[in-house]
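An overview of the molecular structure
As a plain string of letters, each chain reads:
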2 protein chains.
Amino acid sequence: MKITIAQLNFKIGDFEGNTSKIADVIFNAKRQGSDLVVFSEMSVCGYMPEDLLDYPYFIEKCEQSLEVVAQSCQGIAAIVGGVVRNPNKGRLLQNVACFMNNGRIEKIIPKTLLPTYDVFTEARYFEPARESSIIEFQGVKIGIAICEDLWDQYNDFEYTTSPAEQLKTLGADIIINPSASPFNLGKQSHRNRVFSGQVNRFKIPVLYVNQVGMHTELLFDGSSKAVNPNGDISIQLPEFEESVAQLEYHHGYFSVENSNLTIGTDNVALLHKALVFGIRDYFQKMGFKKAVLGASGGIDSALVQHLAVDALGAENVLAVLMPSRFSSEGSVSDAIELSKNLGNEHIILPIEDVHSAYEGSLKPIFEGTEVGLAEENLQARSRAVLLMAISNKKGNILLNTSNKSEMAVGYSTLYGDLCGSLSVIGDVYKTQVYALCEYLHSSQGKIPRNIIEKEPSAELRPDQKDSDSLPLYSILDGILRLYIEEKKGHNEIVMEGYDAAVVAKVIRMVNANEYKRYQAPPILRVSTKSFGKGRVMPLVATYEI
Amino acid sequence: MKITIAQLNFKIGDFEGNTSKIADVIFNAKRQGSDLVVFSEMSVCGYMPEDLLDYPYFIEKCEQSLEVVAQSCQGIAAIVGGVVRNPNKGRLLQNVACFMNNGRIEKIIPKTLLPTYDVFTEARYFEPARESSIIEFQGVKIGIAICEDLWDQYNDFEYTTSPAEQLKTLGADIIINPSASPFNLGKQSHRNRVFSGQVNRFKIPVLYVNQVGMHTELLFDGSSKAVNPNGDISIQLPEFEESVAQLEYHHGYFSVENSNLTIGTDNVALLHKALVFGIRDYFQKMGFKKAVLGASGGIDSALVQHLAVDALGAENVLAVLMPSRFSSEGSVSDAIELSKNLGNEHIILPIEDVHSAYEGSLKPIFEGTEVGLAEENLQARSRAVLLMAISNKKGNILLNTSNKSEMAVGYSTLYGDLCGSLSVIGDVYKTQVYALCEYLHSSQGKIPRNIIEKEPSAELRPDQKDSDSLPLYSILDGILRLYIEEKKGHNEIVMEGYDAAVVAKVIRMVNANEYKRYQAPPILRVSTKSFGKGRVMPLVATYEI
């Protein structure tokens, strides 16, 4: 049996676009002699439409699209993901894979395990399948397990049912796994554990088909693959690219004529690829073309500027330098050099006039008080207003340049440097920012050495340094990872060798700044625990530690 | 059997405070001869801690607190809500009610139906109970159904199991329903349908005990009540107040010595009560004292100012008037009159200097372009920066003054009038703003008539009026309700009698402004569908209508 796997980039709610993309692949696969085409989870509507699923007209369109696609399955079968109304009692919808053949939907397989943790909210919408079933096609018993259905033993908890086990009992020859599995660093090896674990357990080959694309916070990398009963990966599609491939299933094994097995990129290069893809796909899907950002001469904005140029082209990136009375000369010249190296336009817009106007207006209120946070924030907010004015006037989309370490401890000004339509590196720790810049410096040579080497500073008062108020970034990031990603408490983190007072201070800062993150832009998610929908914290609470 | 019901205000994560509050009530109830005290759902930790539940130390504290409370149950029993580790396979936690007696936890009853829709996310954390069970106490068979457990037939969908039916089968004499049931207008009658429905179905009296309190977006009103088998409500505790009451259970009926049955407040008065309570409890729990807001002389800021004074006292409210070159004289004098009537401090801070400084700085970029949105937003953002500077300097918390109609259609400036720590009326439509102001005008007489009667305007350009870009608010709000609360699509809304082009325009505006709401402050929820965690929409999507 010849199977085509289609790793495509869908747009949520774009039924017409998604459907015609699917139909094209079916048409070509048929010409190339395929018997079956497999698409990713919820392909006709895109994953995840969230509360658009609450709108009946949305579900009607989804069901209609599935019908339309089914009509093109003449002389070829397809497995297509979508959402349909639940015909029984319970939640109103089901997340399903439709087996299409002979011009119609021959079988609807609902998903059993509905991920509802971190960024997943499927129990919010769907009724789970109560039992698994098998499709017989060309003498092969096909079991369909939708995404999480294969992850029963591979989360922080173990599900009470195992769809793979049920499929084995039903005599499945192969398991097809249409997925919408988001990217994070380390996800590839996590997936390999899952698939090889299931293959070992049941000696059934697994075919995993994932989508690619940027969907608000989530990045989907694709990396679709076929795993044989001996554990070998017979094919793996590339990361962050649409890709369609044909493989052969014969006597319990997958094989590929021209194996284009992608070798995994290493972590820093993969992170770069993910972030560039995220920016590019965001702009493409939103119909945006040009970006703007504040270029401080610091390492964070340098990285975002570089990523934006890599994603959109230098001609579509505008860097705005907004020096204040506290900016060092080096900051301005470094920022200018970076823009020259990258080839993007830059403008210089000093904030002194605006800054003084605020000080003048606020004099009756500020008089006699000590200079502090209010004065510092004024500068960050003056810059944000200028950036938004340029954005509103020229249509360039403002990219946020805060990193995860800053976002975590609140070392950023709400309505100031926390502004933007998209936070590019809000899930990238400062130590990773350095690693990425070193990588870009050595591979492209456009980031001035000085930007990487100078001491980090917000430059909001004379001689200010990050290290005045924060521990060393290597220590800070270590503590943050344990607290945020690994959900360890104070005592456990101290057990790992960190100073108790520093740990307490860092945790307090993280907790005290939930209110800032509540109003932050969407963040490209690249870790196992990103700020945003995957980490929901109450604002009104006592945070004991 | 004498039962005390405790409608209390808990703080999330404040184990010490919550536990001592619970112990006090148990102590007093025992002195007053009660046999049993009933508390609301998840009382030791507060509802809802969200992802704090992912931290093992949080769960340990929760379990320890339950143990501590149990020790005080000597000569009196108690039903106390909390979270414990799930001893079996599945999700790691359970949402439980503990039956405490003889100084220990005698039985743990987990929740069966885990609400996961709108603002509820319980399937994110908890494994459901697989079966119900009964507690025998003083010859009475007590069935415990936690909150949603009684709502099996009263949502948009019907659950596949009915805990109440199971309890009936097990021979329950009464059903106790510890709850964390958030407020919205109309919730009271919804609850009455649920309780009288269950009582009618099974002829078992129901005792519903709810918490009060503001928890980030959610308001809990309490309104705890006992419903007898004949459908009569024998007691109902007040709305938005802590309250403890003793009642008698005898031969299948509840009775109360001094019935303090609260008569339902009418809608506008109840809305006022809810919003005032929300502000007050937010400030109390966060340890804040003073508020600041921008006072434009318009009806929205007038309402928020009035509510803030009602909640915090005039001495704790600062109104900042920030007239621009486009502000009418009336705006300033109306705003001054309002502050005088309410007795709060006001300051006048014209934005002209800041506004001109921005124009000067941006001249090279704006030159030769048409005056438009960028110029209008500059003013709104200049005001936000001034308000945040005052907030940072003086410690007053900035209250947001945008209403739901504006939030819906994006008639507001991101990082401008969308700023604030708390959105007070972000779930109140403009037509409700008018109704509230009329109510306050007639009951307290402090809102100048002129503020209610003048035509709404953002005053960001000469002679601007809301009606230039928006339909009449009565029409707008009608369409918004159908689209947002009732999730109707374009055609269905047109069927209700609205103009097709207007409906299309309004829906497009709502959809196009998801990105602004993504970065908006938390909103006090008073409707069945508020912007915020209860309405999660993708930003990157095609919104067909």
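Before any of the text, the structure's been laid out above.
Residues numbered from 1 in each chain as written. Chains lettered and ligands numbered in written order. Predicted model: local features only at pLDDT ≥ 70, side-chain atom pairs only at ≥ 80, totals over all residues.

Here we come to the pairing of strand β4 (residues 93-101) of chain A. Residues and elements named next belong to chain A. With 9 of 9 residues buried, β4 is to be regarded as a mostly interior element. Side chains L93, N95, A97, F99 and N101 of β4 all project onto a buried face; the interleaved residues Q94, V96, C98 and M100 project onto the opposite face, where all are buried too. Bridge analysis of strand β3 (residues 77-85) against β4 gives 8 bridges, and the strand direction is antiparallel. Residue G82 lies in a different strand from β4, and its bridge partner there is V96. Here β4 runs beside strand β5 (residues 104-110); their pairing, made up of 6 bridges, is antiparallel. Residue pairing in the sheet places M100 in a bridge with I105 of β5. (Buried ≥ 20, exposed ≤ 12 C-beta atoms within 10 Å, placed from the backbone. Helix = DSSP H or I, 4+ residues; strand = E, 2+ residues; numbered from the N terminus. Pairing = 2+ DSSP bridges.)

Rotating chain B by 180 degrees and moving it 0.0 Å along the rotation axis overlays it on chain A with an RMSD of 0.0 Å. Here the two chains are linked by the operation of a two-fold rotation axis. Of every C-alpha in chain B, the one belonging to B:Q519 sits nearest the axis of rotation, 2.1 Å from it. A shared interface surface links the copies, since 100% of the contact residues of chain B are contact residues in chain A too. (Least-squares fit on C-alpha atoms with pLDDT ≥ 70 in both. Contact = placed C-beta atoms within 7 Å.)

Next up on the list: the interface of chain B and chain A. Across the boundary between the two partners, chain B contributes 77 residues, which contact 77 residues of chain A. If you list the elements that add at least two residues to the side of chain B that touches chain A, you get α2 (56-71), β10 (212-215), α5 (267-286), α8 (352-366), α9 (373-394) and α17 (514-518) of chain B. The biggest single contributor to the side of chain B that touches chain A is α9(B), with 14 residues. The class makeup of the residues in the side of chain B that touches chain A is 44 nonpolar, 16 polar and 17 charged. (Nonpolar A, V, L, I, M, F, W, Y, C, P; charged D, E, K, R; others polar.)

On to helix α6 (residues 299-312) of chain A. Residue and element names in this part refer to chain A. The end-to-end C-alpha distance of α6, which contains 14 residues, comes to 20 Å, matching closely the 20 Å that a straight helix rising 1.5 Å per residue would cover. When you tally the buried positions in α6, you get 14 out of 14 residues, the bulk of the element. Residue G313 follows α6 closely and has a positive phi angle near 90 degrees. (Expected span 1.5 Å × (residues − 1).)

With that out of the way, let us pick up the sheet that holds strand β12 (residues 225-227) of chain B. Residues and elements named next belong to chain B. Strands sit in the order β6-β7-β8-β9-β12-β13 across an open sheet of 6 strands; the sheet is mixed. At either margin of the open sheet sits one strand with a lone partner, and together these are β6 (134-137) and β13 (233-236). Within the sheet, the average angular offset between the axes of one strand and its neighbour, ignoring direction, is 20 degrees. Alignment of strand β8 (residues 174-179) against strand β9 (residues 206-210), held across 5 bridges, turns out to be parallel. Within the sheet, the bridge partner assigned to N177 lies in β9 and is Y208. Helix α4 (residues 187-202) rests against β9 and β12 of the sheet, and its axis sits at about 155 degrees to β9. (Axes fitted to C-alpha atoms, helices over the stretch in contact; angles between N-to-C directions.)

Glancing now at the pairing of strand β19 (residues 397-400) of chain B. Residues and elements named next belong to chain B. Residues I397 and L399 line one face of β19 and the alternating positions L398 and N400 line the opposite face, and both faces are buried. Where strand β16 (residues 291-294) and β19 come together, 2 bridges link them in parallel fashion. When the bridges of β19 are listed, V292 appears paired with L398. In this structure, β19 lies alongside strand β20 (residues 422-423), joined through 2 bridges in parallel fashion. Each residue of the ladder has a partner; that of L399, found in β20, is L422.

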